[in-house]
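Descriptive analysis of the structure
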Amino acid sequence: MMNHRELLQRTYDHARETSMLAGTLALLEWDQHTYIPSRAGAFRADQITCLSGILHERQTSPTYGDWLATLAESDFAKDRESIDAANIRGLLRDFKRNIQLPESLVKATAHATSIGQQIWAEARANDDFISFLPALETIINLRREEASILQKPDRTKYDSLLDQYEEGADSEHIANVFDSLRRELVPIVQQASEKERISSRKIVAGSVFEIDAQRRLARWVAQQIGFDFDRGRLDDTEHPFCTTLGPHDHRILSRYFPDSYSSGLYGVLHEAGHGMYEQGTPTDMHGLPAGSAASLGIHESQSRLWENVVGRSRGFWRWLLPHAYQHLPPLRDFSLERIREDLNRVEPSLIRIESDEATYNLHIFVRFEIEKDLIDGDLKTSDLPDLWNQRYREYLGVTPLNHATGLMQDVHWSAGLIGYFPTYTLGNLYAAQIMQAAENQLGDMEELFSRGEFFPLLEWLRVHIHSRGRCIQPHELMRQVTGKPLEADSFLNYLKSKLL
């Protein structure tokens, strides 16, 4: 009979081997979004479905569950502050969730989302919501079924999906935070938009920025801020994302447009923020909670921090400008201040990932409210276009020109990622609090940024955020790092100081 030390090692080995399969699955999905041949999609969906079933079997093995139950009563679990206790808690939580889900549902969801993303990409390109609707209905129904199975007595069905991305989160609490944020954001957007109305036009108007030059600049910037290309790579895709395939294999992806100098660059900054978080987690704990991200909200705090708080700052552009002039000659006609005005302009728009910092959260509020209605209410999938357009008119004062710039712009629902969107706004709020805490300890970082010195901030983040893994819940992590619970004041003060 194994002693508890041997049992712990056996459990860790099982979790790490399961993580290898998950990394292989992620590799198949990465390939699907990058280099897969156009006719290979159906078989790829079968591969993903098969591997998802094998993964689920390992995650729900009765023997594995017995090991975790025994370890939960062992001395390893008694020291609540220890790494082993955190790993046992996290693995047991995951097991209890996974064991509730039938393998048939897991495989059906894997197949539907793999096919759904392929259909979405083509339908979006053709602005054809009708062709996407059956796949979307299937995915929504599968996620509704999963939410019903996982629902806790005192929580909503949507909460059970949200909890997968932001452990311990409550949709009612988030809705209250978002409501208070929206009330404060509206006058900020109005004042800032009025300033933009009387300013000059965007500097990209009529300019063409060579795509390969954009790629070279973006890659170099990612390297300079700390993304390790010996442990990662950068590729093109339809919708930017970051994925981890192993402890030293972190893939980031972006997209570029000839009429924009900023879209591809800021996509890379955003995804590099995700990638650097992954590269900062303890490699010896890969496959275990202590080697995983705290939550999607904390993950988004890292991407939004590097994309916006750092990437749109004056210090960052004082450093970047000579390099930007070299790679993107049309920018030479514009000064530092003119470029920063352009990057920080507030203007209600249709596309979430290209929106400004002030209106970005309004895009998230639309998706959050619609998702709740899809899961907890009686909203029909076929009614989505009209409701989407109505909310955009109400919240942003704009109406989508078509489905491609409307509800089909994001990949998330085709991938089954329902409950994910709120983490973007949580990430914005967290990022402002985290940066404020970092500056309290490191001082004003604008001068460092202007010299291209990003390591002090990255090292601070690695110590206080990245290396902590998933050892504590995100709300407690924020309290420990910033001294405050989740709040909107830091973010609102940050916006006001920049925009008004």
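The preceding data block contains the structure.
Presented here is an overview of the structure given in this document.

Quick notes on the rules
- Along each chain, numbering runs from 1 in the same order as the chain's sequence is written.
- Where totals are concerned, whole chains, interfaces and linings use all residues; where local detail is concerned, this predicted model gives features only for residues with pLDDT of at least 70, and gives and counts side-chain atom pairs only at 80 or more.
- By convention in this description, side-chain values take in all heavy atoms of the structure and omit both hydrogens and water.
- To qualify as a helix, a DSSP run of H or I must reach at least 4 residues; to qualify as a strand, a run of E must reach at least 2; elements of each kind are numbered from the N terminus.
- In this analysis, two residues are considered to be in contact whenever any of their non-hydrogen atoms come within 4.5 Å of each other.
- An axis is simply a line fitted to the C-alpha atoms; with a helix, the fit covers only the stretch in contact. Between two such axes, the angle follows the N-to-C directions and lies from 0 to 180 degrees.
- By the definition adopted for this analysis, an angle is roughly parallel if under 35 degrees, roughly antiparallel if over 145, roughly perpendicular if from 65 to 115, and oblique otherwise.
- Two helices crossing with the near one rotated counterclockwise from the far one by less than a right angle form a left-handed crossing, whereas a clockwise rotation gives a right-handed crossing.
- Throughout this entry, Asp, Glu, Lys and Arg are counted as charged residues, while Ala, Val, Leu, Ile, Met, Phe, Trp, Tyr, Cys and Pro are counted as nonpolar. The remaining residues, Gly among them, count as polar.
- Stacked, edge-to-face and tilted are the three classes for Phe, Tyr and Trp ring pairs, Trp counted by its six-membered ring, which pair at centre distances within 6.5 Å; planes under 30 degrees apart are stacked, over 60 edge-to-face, the rest tilted.
- Only protein chains enter the accessibility calculation, which uses a 1.4 Å probe; a residue is then buried when its area is under 20% of its type maximum, exposed when over 50%, and partly exposed in between.
- We call a charge positioned over a ring when the NZ of a Lys or the CZ of an Arg lies within 6 Å of the ring centre and within 35 degrees of the ring normal.

Considerations on the side chain of Arg391
Structurally, the position occupied by Arg391 is in helix 15 (residues 384-396). Excluding anything up to four places from it in sequence, Arg391 contacts Val366, Glu369, Ile370, Asp373 and Leu396.

Quick word on the packing of helix 12 (residues 314-327) against helix 13 (residues 336-343)
Helix 13 packs onto helix 12 with a crossing angle of 110 degrees between their chain directions and a minimal axis gap of 10 Å. As far as their axial angle goes, helix 13 and helix 12 are roughly perpendicular. Here helix 12 and helix 13 pass one another in a crossing that is right-handed. Side by side, helix 12 and helix 13 meet where Arg314, Trp317, Arg318, Leu321 and Tyr325 of the first sit next to Leu336, Glu337, Ile339, Arg340 and Leu343 of the second. Split by residue class, the contact of helix 12 with helix 13 holds six nonpolar, no polar and four charged.

Examining the packing of aromatic side chains
Summed over all chains, the structure comprises 22 aromatic pairs. Pairing Phe316 with Trp317 gives two aromatic rings, centres 6.4 Å apart and planes at 75 degrees, and the pair type is edge-to-face. The exposure class assigned to Phe316 is buried, which follows from its relative accessible area of 0%. Counting every residue linked through ring pairs, the aromatic cluster contains Tyr165, Tyr360, Trp388, Tyr392, Trp413, Tyr420, Phe421 and Tyr424. Looking at Arg312, its charged tip hangs above the ring of Tyr266, at a distance of 4.2 Å from the centre.

Quick look at unusual backbone geometry
Residues apart from glycine generally show negative phi values, whereas peptide bonds are mostly found in trans. For Asp127, which is not glycine, the phi torsion reads 50 degrees and is therefore positive. The residue Asp127 is located in the loop between helix 5 (103-125) and helix 6 (129-150) in this model.

Focus: the environment of Asn493
Of note, Asn493 is situated in helix 20 (residues 489-499). Each C-alpha atom, one on Asn493 and one on Ala432, is 8.9 Å from the other, the two residues being 61 residues apart in sequence.

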